[in-house]
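# Structural overview
Below are the chains, spelled out letter by letter.
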Amino acid sequence: MDVLEEDRARVLAELDQHRERLVERMVDAIVEEIPLYRAHPDPQLMADLTAHVRANIVTFIRATEQDRPPTPDELAFVADMVEHRVAQGVPIDHVLHAFRIGQRVLWEGIMAEARTLGAGPEAALSLALPAMRYADVASSEFTVCYVRLEQELRASADRASAEVVDALSEGRWPPERAVAAIEPAFPVDASQRYLVTVVAAVSPQRIDELRRQLVLACSSAPLIGAVARVTGDELVVVAAVRPDAEPGVAARLAATARGLCERLTPKARIGVGGRADGVADVPAARREATAAARQAAAGGTVVVEQLTVVGRAALITSALANPARLVPEAIVAFVTADVERDGALVATAAAFVECDLNTRRTAERLFVHRNTIRYRLGRIAQLAGVDTGSPSEMFELAAGIRILTAGRAAQAPAADPGPGA
């Protein structure tokens, strides 16, 4: 063994002999530079940190003494460290920073021991390559462990999120383990206000990304978190609303969802149900959101709170098994026949009511001559059996049209958006 090898062996021996002193310096440096470690409420964190720092030093010394990289068995403590830190709520960038601090303090210890022993600078420098090699291998193991754990945690959180959506959609309290997995990111409370959004006909290739982005968007005011569930090409999101939120939250949520869909899956149909005050109201809001999404056109959005009373009634009744049972037979026959033909009379009747039974405004809205409107009104009176000059009878006809046409949209099968939608 030449002088350089002897000096190097002496430095490593001194490091090993004064290992606990080096452990203390590493822990002190980490706590000093990363305030979270110092202020963390879990008393076990410092004991875990000390044990992991010690394992790091021992593994480096043993591998370097034998002039080899550390083995997977020797680095088993890395997986344990990552799991502990994640469970303790320490962000990953803090863990990486702590590892870099440890490597710096280790190199400072090598230099200090070399000076104390009177070993030449070559002895310390000869340990630079092994130190870098160790840092590289340990960092790679750290990354692999973190990615694996992150995937496992994400999958577990997604399952818990879906389980909470299912429970809320049925009006029941979610299992405690599922609630624990998502809190405090999403509050489950009998008095909590919720909004349900259903996005239908989503591109299968983009639905997971849409789910992540929409849930993330629901984490800032006026919302305070969300849970989501993917079923086929449909995404269901239940968002919690801040108690002090101003009116218009549903419209803002719809606009956010539409913005994401325009980028990821433009042909998706969005429906936002009415407010749900507590867990017991969520099933109704879910049904409304589903009906709204099915009523929306491809690339369109329907928000229940923006509908008229008649519009809301039509939307809600569209979810019934047979909404036509609510409408007089004469109106059903009229609407069915006209829609199968070209829908011109149905469109005219609806527009006539919206224009307060004014033929001139109706003609302007439909871009036809006023005489055409008069002719169509005569046909409507004949076929539907209503007095087109009676506000009450025309209102009843318009309500029947809304119920029947909403029911057709809600019951129609979803269009295939295609792989590039």
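Above this text you will find the structure in question.
The rules behind each value
Once a new chain begins, its residue numbering starts again from 1 and follows that chain's sequence as written. pLDDT decides what is reported in this predicted model: residues at 70 or higher carry local features, side-chain atom pairs at 80 or more are listed and counted, and totals for whole chains, interfaces and linings draw on all residues regardless. Based on all heavy atoms of the structure, the side-chain values leave hydrogens and waters out of the count. Here a Phe, Tyr or Trp ring, Trp counted by its six-membered ring, pairs with any other such ring whose centre lies within 6.5 Å, and the pair is stacked when the planes are under 30 degrees apart, edge-to-face when over 60, and tilted otherwise. For helices the rule is a DSSP run of H or I covering at least 4 residues; for strands it is a run of E covering at least 2, with both sets numbered from the N terminus onward. Exposed residues in this analysis have more than 50% of their type's maximum accessible area, buried residues have under 20%, and partly exposed residues fall in between, with area computed by a 1.4 Å probe over protein chains only. Any residue with an atom within 4 Å of a point lines the site, the site being either a cavity, points on a 1 Å grid over the protein atoms alone where a 1.4 Å probe fits but cannot get out, or a pocket, an open set with protein on both sides within 12 Å along at least 5 of 7 lines. Grid points are joined across faces, edges and corners, and a volume is the space filled by probe spheres set on the points. Following the grouping adopted for this structure description, the nonpolar residues are Ala, Val, Leu, Ile, Met, Phe, Trp, Tyr, Cys and Pro, the charged ones are Asp, Glu, Lys and Arg, and the polar ones are all others, Gly among them. Any Lys or Arg side-chain nitrogen found within 4 Å of a carboxyl oxygen on Asp or Glu counts as a salt bridge.

## Some words on the packing of aromatic side chains
The description of an aromatic ring pair uses the distance of the two centres, along with the angle that the planes make with each other. Per the counting criterion, the structure on display carries two aromatic pairs. Consider the rings of Phe60 and Tyr134, whose centres lie 5.7 Å apart with planes at 75 degrees: the pair is edge-to-face. Placement of Phe60 in helix α4 (residues 44–65) and of Tyr134 in helix α8 (residues 128–169) is noted, with a sequence separation of 74 residues between them. In this structure Phe60 comes out as buried when scored by relative accessible area, which is 0%. Overall, Tyr134 belongs to the buried group, its relative accessible area being 2%.

## A look at the layout of surface pockets
The calculated volume of the largest pocket comes to roughly 600 Å³. As for the largest pocket, its lining consists of 23 residues, of which Ala157, Asp158, Arg211, Val215 and Ala226 are closest to the centre. Elements with a contribution of two residues or more to the lining of the largest pocket: α8, α9 (176–182), α10 (207–217) and β2 (223–231). The greatest single-element share of the lining of the largest pocket, amounting to six residues, is contributed by β2. Classifying every residue of the lining of the largest pocket gives 13 nonpolar, three polar and seven charged. If you add up the space inside the second largest pocket, you get close to 260 Å³. Together, Val86, Gly89, Val90, Pro91, Ile92, Tyr146, Glu150, Leu153, Arg154, Ser156, Ala157 and Ala181 line the second largest pocket. Here the lining of the second largest pocket takes six residues from α8, the largest share from any one element. Across the lining of the second largest pocket, the residue classes break down as eight nonpolar, two polar and two charged.

## As for the pattern of salt bridges
Taken as a whole and judged by the stated rule, the model has 23 salt bridges. When the shortest N-O distance is used, the salt bridge between Arg365 and Glu354 registers 2.4 Å. A residue pair is termed long-range when its members are at least 10 positions apart, and Arg365 in helix α16 (residues 359–366) and Glu354 in helix α15 (residues 344–354) qualify at 11 residues. The network of salt bridges with common partners includes Asp16, Arg19, Arg62 and Glu65.

## Observations regarding empty space enclosed by the protein
As enumerated under the stated definition, the model contains one cavity of 30 Å³ or more in all. Roughly 190 Å³ of internal volume is contained in the largest cavity. Lining the largest cavity are 17 residues, with Val53, Asn56, Met81, Ala98 and Phe99 positioned closest to its centre. Of all elements in the fold, only α2 (19–33), α4, α5 (76–87), α6 (92–117) and α8 reach the threshold of two or more residues within the lining of the largest cavity. Considered class by class, the residues forming the lining of the largest cavity number 13 nonpolar, three polar and one charged.

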